[in-house]
Amino acid sequence: MAEEQRTAKPERLARKPYERELLRLQQELVKLQEWVRVEGARLVVVFEGRDAAGKGGAIKRVTEYLNPRIARVVALPTPTERQKTQWYFQRYVEQLPAAGEIVLFDRSWYNRAGVERVMGFCTDEQYWQFLHQCPTFERMLIEEGVLLRKYWFSVSDTEQERRFRDRLEDPMKRWKLSPMDVESITRWEDYSRAKDEMFVYTDTPDSPWHVVESDDKRRARINMIAHLLSTVPYREITAPQIDLPPRPAPRGYQRPPRDLQKYVPDHAARLDRPESQGR
């Protein structure tokens, strides 16, 4: 199965309808968050896909207006030597949500079926054990009441390379380009085969994969968020009425002299000068 073959590339979604719909969906995400909090639900969203497929950008739009105490992003680093001796899923279990929480995995336990498999960071025995255990692990989460959603961001080889070059040439994005990213260019088909094989074993009726076409990042974000909202039976929670109390009358407080404190220099004042206006 060729992963990223597309018959026709859709036009890029225009900015105005994108921003309008994104804001509407983000308002719904806030409602979803409040439902999760009040109902004590546990929501796990897995973001997977090739390097530069747009996972990070989608996660940022999902969490933009959410409470970080309720919705948190998990992006685990390379396992320590101690973690390498643990049950593979153990360090991910530690990150699972408690009641009233949302956890977004920016890459997840599926590292073993992707980068670890392709780059030789795990043995064949570890790989096949993962494929055997993963459906059972996810079924246990679902039986426990965890709402599990899995998204695969699918990007074409030409678009991935364009994004890599953009990162290479933009000093603000250069940090995003790692040696592992560069290596993925020469291993494109290896990653495709690994993804296809992973889907065979882990795209189950209990825990299906949802593929997000991501050559157009705007469309990908809108489509992913809309789908997530459609799969969770949330409802709007009526917020309790809050009335601001009247400010009490002064009781003689005197602020200490300003020269006793260290203030941040007014860097912004320079922007008001005429010579800065045209920049």
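Note that the structure is a prediction, hence the values are computed from the model and not measured.

### Overview of unusual backbone geometry
Then, number 1: Within the chain, Ala52 stands out as a residue other than glycine whose phi angle is a positive 70°.
Then, number 2: On the secondary structure map, Ala52 appears in the loop between strand S1 (42-49) and helix H2 (55-63).
Then, number 3: Backbone geometry places Arg107, a non-glycine residue, at a positive phi of 70°.
Then, number 4: Mapped onto the elements of the fold, Arg107 is located in the loop between strand S3 (101-106) and helix H4 (115-119).
Then, number 5: You can call Arg107 partly exposed: its relative accessible area is 25%.

### Concerning the packing of helix H1 (residues 15-39) against helix H9 (residues 217-231)
Then, number 1: H9 packs onto H1 with a crossing angle of 30° between their chain directions and a minimal axis gap of 10 Å. In terms of orientation, H1 lies roughly parallel with respect to H9. For the pair H1 and H9, the sense of crossing is left-handed. Between H1, through Arg15, Tyr18, Glu21, Leu22, Leu25, Glu28, Leu29 and Leu32, and H9, the contact on the second element is made entirely by Arg218, Arg221, Ile222, Ile225, Ala226, Leu228 and Leu229.

### Examining the sheet that holds S3
Then, number 1: Taken in spatial order, the five strands line up as S2-S3-S1-S4-S5 in an open sheet, and their pairing is parallel. Two strands bound the open sheet, and with one partner strand each, they are strand S2 (71-74) and strand S5 (209-213). Sheet twist, expressed as the mean angle between neighbouring strand axes with direction ignored, is 20°.

### A look at a nonpolar patch on the surface
Then, number 1: A contiguous nonpolar surface patch, about 320 Å² in accessible area, is contributed by Trp128, Val200 and Tyr201.
Then, number 2: Within the element layout of this structure, Trp128 appears in helix H5 (residues 124-143).
Then, number 3: By relative accessible area, which is 37% here, Trp128 ends up partly exposed.

### Comments concerning the packing of H2 against H9
Then, number 1: Packing of H2 against H9 leaves a shortest axis separation of 10 Å and a crossing angle of 55°. One way to sum up the angle between H2 and H9 is to call them oblique. The handedness of the crossing between H2 and H9 is right-handed. For the pair H2 and H9, the contacting residues are Gly57, Ala58, Arg61 and Val62 in the first and Arg221, Met224 and Ile225 in the second.
Then, number 2: Classifying every residue of the contact of H2 with H9 by side-chain character gives four nonpolar, one polar and two charged.

### Let's talk about a positive patch on the surface
Then, number 1: A cluster of basic side chains, namely Arg12, Lys60, Lys176 and Lys217, defines a positive patch on the protein surface.
Then, number 2: By the secondary structure assignment, Lys60 is in helix H2.

### Details of the packing of aromatic side chains
Then, number 1: Summed over all chains, the structure comprises 21 aromatic pairs.
Then, number 2: Ring geometry for Tyr127 and Trp128: centres 5.1 Å apart, planes at 70°, overall edge-to-face.
Then, number 3: Taken together, a centroid distance of 5.3 Å and an interplanar angle of 10° make the contact between Phe199 and Trp209 stacked. Of the two residues, Phe199 sits in helix H8 (residues 188-202) while Trp209 sits in strand S5, which places them 10 residues apart along the sequence.
Then, number 4: What makes Trp209 buried here is its relative accessible area of 6%.
Then, number 5: Sitting over the face of the ring of Trp188, Arg50 holds its NZ or CZ atom 3.4 Å from the ring centroid.
Then, number 6: Across the ring face of Tyr127, the terminal group of Arg117 is positioned such that the distance to the ring centre comes to 3.9 Å.

Rules used in this analysis
- Residues numbered from 1 in each chain as written.
- Predicted model: local features only at pLDDT ≥ 70, side-chain atom pairs only at ≥ 80, totals over all residues.
- Heavy atoms only, no water.
- Helix = DSSP H or I, 4+ residues; strand = E, 2+ residues; numbered from the N terminus.
- Buried < 20%, exposed > 50% of the residue type's maximum accessible area, 1.4 Å probe, protein only.
- Axes fitted to C-alpha atoms, helices over the stretch in contact; angles between N-to-C directions.
- Parallel < 35°, antiparallel > 145°, perpendicular 65-115°, else oblique.
- Left-handed = near helix turned anticlockwise from the far one by under 90°.
- Contact = heavy atoms within 4.5 Å.
- Pairing = 2+ DSSP bridges.
- Patch = residues over 30% accessible without salt bridge, like charges linked within 9 Å, V, L, I, M, F, W, Y side chains within 5 Å.
- Areas by Shrake-Rupley, 256 points an atom, 1.4 Å probe, with all protein chains shown as cover.
- Salt bridge = Lys/Arg side-chain N within 4 Å of Asp/Glu carboxyl O.
- Nonpolar A, V, L, I, M, F, W, Y, C, P; charged D, E, K, R; others polar.
- Lys, Arg positive; Asp, Glu negative; His and termini not counted.
- Charge placed at Lys NZ, Arg CZ, Asp CG, Glu CD.
- Phe/Tyr/Trp six-rings, centres within 6.5 Å; stacked < 30°, edge-to-face > 60°.
- Lys NZ or Arg CZ within 6 Å of the ring centre and 35° of its normal.

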